[in-house]
Amino acid sequence: MPRGVDTCRECMDRLIEGGFNGVVSVLRVLAETGRMGPVDRLGFTLDRHVAIEALTEAMRVFHALANGARLVRIEAGGGARVYRCCELYRVETGEPCRGVRGRALEGEYAGSEVCCVPCPEAPRDEEVRGVVECIEGSSCWRDFTRALVARALARP
């Protein structure tokens, strides 16, 4: 068992206490932008090596999204704010939005109603290593990965 991971309970407690919130945010952004492949594989695999590969793929996809993120000033909820959007697109009235919905104040979408999926900061390497340790060394790694994905898919 990897050093630092003593029990199944330790991994689950760390998840519940928010110790893996960066990874959860990455998985949530992938789900909100329709990139469910690595999220599904992580949550439903029966092989811990495939789970680690899915986590690695999720991080790669996230970094590609984050590298292409756009800063956009959006008026929403009575005020204007600059958002770093992993995904940005026009929306029509009544069309669902899984991010921030508002009126773009500048750029190519100026004046249009847009949906912005905000891009979180990338999780620290130590946090990602912690998730890998829980997958590699915990006896309940399947429950842990399912809980990790469930937390990401739950509405914040």
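The preceding data block contains the structure.
No experiment lies behind these values; they were computed from the predicted model shown.

Undergrad: Looking at this structure, how should I read the pattern of salt bridges?
TA: In total, this model carries eight salt bridges according to the counting rule given. A salt bridge links Arg101 to Glu113; its shortest N-O distance comes to 2.7 Å. A residue pair is termed long-range when its members are at least 10 positions apart, and Arg101 in strand β3 (residues 100-104) and Glu113 in strand β4 (residues 113-118) qualify at 12 residues. Residues joined in a network through salt bridges with shared partners are Arg124, Glu126 and Arg129.

Undergrad: Help me understand the nonpolar core, please; the structure alone is not making it clear to me.
TA: Side chains that are nonpolar tend, in soluble globular proteins, to be buried together. Ranked by internal contacts, the top residues of the largest apolar core, which has 35 residues, are Leu27, Leu42, Val131, Ile135, Phe144 and Leu148. Among the secondary structure elements, those contributing two or more residues to this core are α1 (8-16), α2 (21-32), α3 (37-44), α4 (48-67), α5 (125-137) and α6 (141-153). By residue number, the principal contributor to this core is α4, which donates nine residues. If we skip the residues at most four places from it in the chain, Leu27 touches Val39, Leu42, Ala58, Leu148, Val149 and Ala152. Counting residues in each nonpolar core, the second largest holds 10 residues, with Tyr83, Leu88, Val100 and Tyr109 among its members.

Undergrad: Hey, could you run me through the environment of Met59 in this one?
TA: As for its placement among the helices and strands, Met59 is situated in helix α4. A relative accessible area of 11% means that Met59 is categorised as buried. A C-alpha to C-alpha distance of 8.5 Å links Met59 and Ala122, two positions 63 residues apart in sequence. Leave out the neighbours within four places in its chain, and Met59 touches Val26, Pro123 and Val128.

Undergrad: I would appreciate a short explanation of the side chain of Ser112 in the present structure.
TA: With respect to the helices and strands, the residue Ser112 is situated in the loop between β3 and β4. Separated by 3.1 Å, the side chains of Ser112 and Arg90 make a polar contact. Once residues within four sequence positions are removed from consideration, Ser112 is found in contact with Arg90, Gly102, Arg103 and Ala104.

Undergrad: Please explain the pairing of β4 as it appears in this structure.
TA: As defined by bridge partners, strand β2 (residues 79-90) adjoins β4 across five bridges and the pair is classed as antiparallel. Each bridged residue has a counterpart across the sheet, and for Arg90 the counterpart in β4 is Val114. Relative to β4, β3 is paired through four bridges, and the arrangement is antiparallel. Bridge pairing in β4 places Arg103 opposite Glu113.

Undergrad: Hey, could you run me through the sheet that holds β4 in this one?
TA: Whether parallel or antiparallel, the strands of a sheet pair through hydrogen bonds between backbone atoms. Pairing is antiparallel around the closed barrel formed by four strands, whose spatial order is β1-β2-β4-β3. Put simply, the sheet's adjacent strands are angled 70° from each other on average, direction ignored. Pairing of strand β1 (residues 70-76) with β3, which is carried by two bridges, proceeds in the antiparallel orientation. Counterpart to Glu75 in the pairing with β3 is Arg103.

Undergrad: Looking at this structure, I do not really get the packing of α1 against α6. What am I missing?
TA: To characterise two packed helices, one gives the angle between the axes of the helices and the distance between these axes. Contact geometry of α1 with α6 gives a least axis separation of 10 Å together with a crossing angle of 5°. Here α1 is positioned roughly parallel relative to α6, judged by the angle of their axes. Contact residues: Cys11, Met12, Leu15 and Ile16 in α1; Asp143, Phe144, Ala147, Leu148 and Arg151 in α6. A class-by-class count of the residues in the contact of α1 with α6 yields seven nonpolar, no polar and two charged.

Scoring rules and cut-offs
Residues numbered from 1 in each chain as written. Predicted model: local features only at pLDDT ≥ 70, side-chain atom pairs only at ≥ 80, totals over all residues. Heavy atoms only, no water. Salt bridge = Lys/Arg side-chain N within 4 Å of Asp/Glu carboxyl O. Helix = DSSP H or I, 4+ residues; strand = E, 2+ residues; numbered from the N terminus. Core = buried A, V, L, I, M, F, W, Y, C linked by side-chain atoms within 4.5 Å. Buried < 20%, exposed > 50% of the residue type's maximum accessible area, 1.4 Å probe, protein only. Contact = heavy atoms within 4.5 Å. Polar contact = N/O pair within 3.5 Å; in protein donor to acceptor, adjacent residues only side chain to side chain. Pairing = 2+ DSSP bridges. Axes fitted to C-alpha atoms, helices over the stretch in contact; angles between N-to-C directions. Parallel < 35°, antiparallel > 145°, perpendicular 65-115°, else oblique. Nonpolar A, V, L, I, M, F, W, Y, C, P; charged D, E, K, R; others polar.

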